[in-house]
Amino acid sequence: MKSTHSSKIPLWMALLLTLTMIIIVRESAVIVCQWAGIEKAANIVGMLTMFSILIVWRLIKGLPSWLTRASNTLLVDSGFAFLPVSAGAGLLLFALGDELWGVMLTMIISTLIPLWGLAILANRWLNRDASSDSTTTNKQKEQL
């Protein structure tokens, strides 16, 4: 695997090139999926195609720094992509009427119980690692 090579492309040009690459791959996937009769699979086909292209590009030539800078800039602001989905889910949630409190309680419980279990497991794991590290250190000191 080759390292990332640098280039002197300005950020606005890098963003434009990255977005152009994404649009071309996605629209090509839409055309191919329409031709194959599986229109609903276009997004996943495009995503897997882009992933494959980037993996091959990285293995053969190394990803350019402009692509890394542009994708980092785009990913920082990608939270806006989830705004319409969140607003739609909120509107649907309040349209539940009498079932709202039951759905909210189910969502809270189904979130808190796994988080609680994960916290217990993480605490045990961290405490076990800390105690094993200190015993290893003590044994090494005794050998000296």
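Above this text is the structure in question.
Let me sum up the structure you'll find in this document. (Residues numbered from 1 in each chain as written. Predicted model: local features only at pLDDT ≥ 70, side-chain atom pairs only at ≥ 80, totals over all residues. Heavy atoms only, no water.)

Notes on the overall build of the chain
Phase 1 of the analysis: Looking only at helices and strands, the chain has five helices and zero strands in total.
Phase 2 of the analysis: Expressed as a percentage of the 144 residues in the chain, the buried residues total 12%.
Phase 3 of the analysis: Expressed as a percentage of contacts within the chain between residues at least 6 apart in sequence, the contacts between residues at least 24 apart total 65%.
Phase 4 of the analysis: Within the structure as shown, the chain displays about 11,600 Å² of accessible surface, and the carbon and sulfur contribution to it stands at 71%. (Helix = DSSP H or I, 4+ residues; strand = E, 2+ residues; numbered from the N terminus. Buried < 20%, exposed > 50% of the residue type's maximum accessible area, 1.4 Å probe, protein only. Contact = heavy atoms within 4.5 Å. Areas by Shrake-Rupley, 256 points an atom, 1.4 Å probe, with all protein chains shown as cover.)

Side note on the pattern of salt bridges
Phase 1 of the analysis: For the structure shown, the criterion picks out one salt bridge.
Phase 2 of the analysis: For Arg26, the salt bridge identified is with Glu27, shortest N-O distance 3.6 Å.
Phase 3 of the analysis: Residue class for Glu27 comes out partly exposed when judged on its relative accessible area of 39%. (Salt bridge = Lys/Arg side-chain N within 4 Å of Asp/Glu carboxyl O.)

Quick notes on helix H1 (residues 11–36)
Phase 1 of the analysis: Taking 1.5 Å per residue, 26 residues should reach 38 Å; H1 reaches 37 Å between its end C-alpha atoms and fits that length.
Phase 2 of the analysis: Turning to H1, its buried residues number three or more, namely Ala14, Thr18, Met21, Val25, Ala29, Val30 and Cys33. (Expected span 1.5 Å × (residues − 1).)

Side note on helix H3 (residues 65–76)
Phase 1 of the analysis: Taking 1.5 Å of rise per residue, 12 residues should cover 16 Å, and H3 covers 17 Å from first to last C-alpha, within 8% of that figure.
Phase 2 of the analysis: Looking at the buried positions of H3, the neighbouring elements they touch are H1 and helix H2 (42–60).

Comments concerning the side chain of Thr18
Phase 1 of the analysis: Tracing the backbone through its elements, the reader meets Thr18 in helix H1.
Phase 2 of the analysis: A polar contact is formed between the side chain of Thr18 and the backbone oxygen of Ala14, at a distance of 2.8 Å.
Phase 3 of the analysis: In this structure Thr18 touches Trp66, Leu67, Ala70 and Leu74, once residues within four positions along its chain are discounted. (Polar contact = N/O pair within 3.5 Å; in protein donor to acceptor, adjacent residues only side chain to side chain.)

Section: the packing of H1 against H2
Phase 1 of the analysis: Closest axis-to-axis distance for the H1/H2 pair is 8 Å, and the angle between their directions is 130 degrees. Here H1 lies oblique to H2, going by the angle between them. The interaxial crossing formed by H1 with H2 has right-handed handedness. Between H1 and H2, the contacting residues are Met21, Ile22, Val25, Arg26, Ala29, Val30 and Cys33 on the first element and Ala42, Asn43, Val45, Gly46, Thr49, Met50, Ile53 and Trp57 on the second.
Phase 2 of the analysis: Partitioned by chemical class, the residues of the contact of H1 with H2 number 11 nonpolar, three polar and one charged. (Axes fitted to C-alpha atoms, helices over the stretch in contact; angles between N-to-C directions. Parallel < 35°, antiparallel > 145°, perpendicular 65-115°, else oblique. Left-handed = near helix turned anticlockwise from the far one by under 90°. Nonpolar A, V, L, I, M, F, W, Y, C, P; charged D, E, K, R; others polar.)

As for the packing of H1 against H3
Phase 1 of the analysis: At their nearest, the axes of H1 and H3 sit 8 Å apart, and the two run at 80 degrees to each other. It follows from the interaxial angle that H1 and H3 lie roughly perpendicular. Here Leu11, Ala14, Leu15, Leu17, Thr18, Leu19 and Met21 of H1 lie close against H3, whose contacting residues are Trp66, Leu67, Arg69, Ala70, Thr73 and Leu74.
Phase 2 of the analysis: Residue composition of the contact of H1 with H3, by class: 10 nonpolar, two polar and one charged.

Describing a nonpolar patch on the surface
Phase 1 of the analysis: A surface patch of nonpolar side chains, about 490 Å² in accessible area, is lined by Phe51, Ile55, Val56, Leu59 and Ile60.
Phase 2 of the analysis: Mapped onto the elements of the fold, Leu59 is located in helix H2.
Phase 3 of the analysis: Taking the relative accessible area as the measure of exposure, Leu59 reaches 51% and is therefore exposed. (Patch = residues over 30% accessible without salt bridge, like charges linked within 9 Å, V, L, I, M, F, W, Y side chains within 5 Å.)

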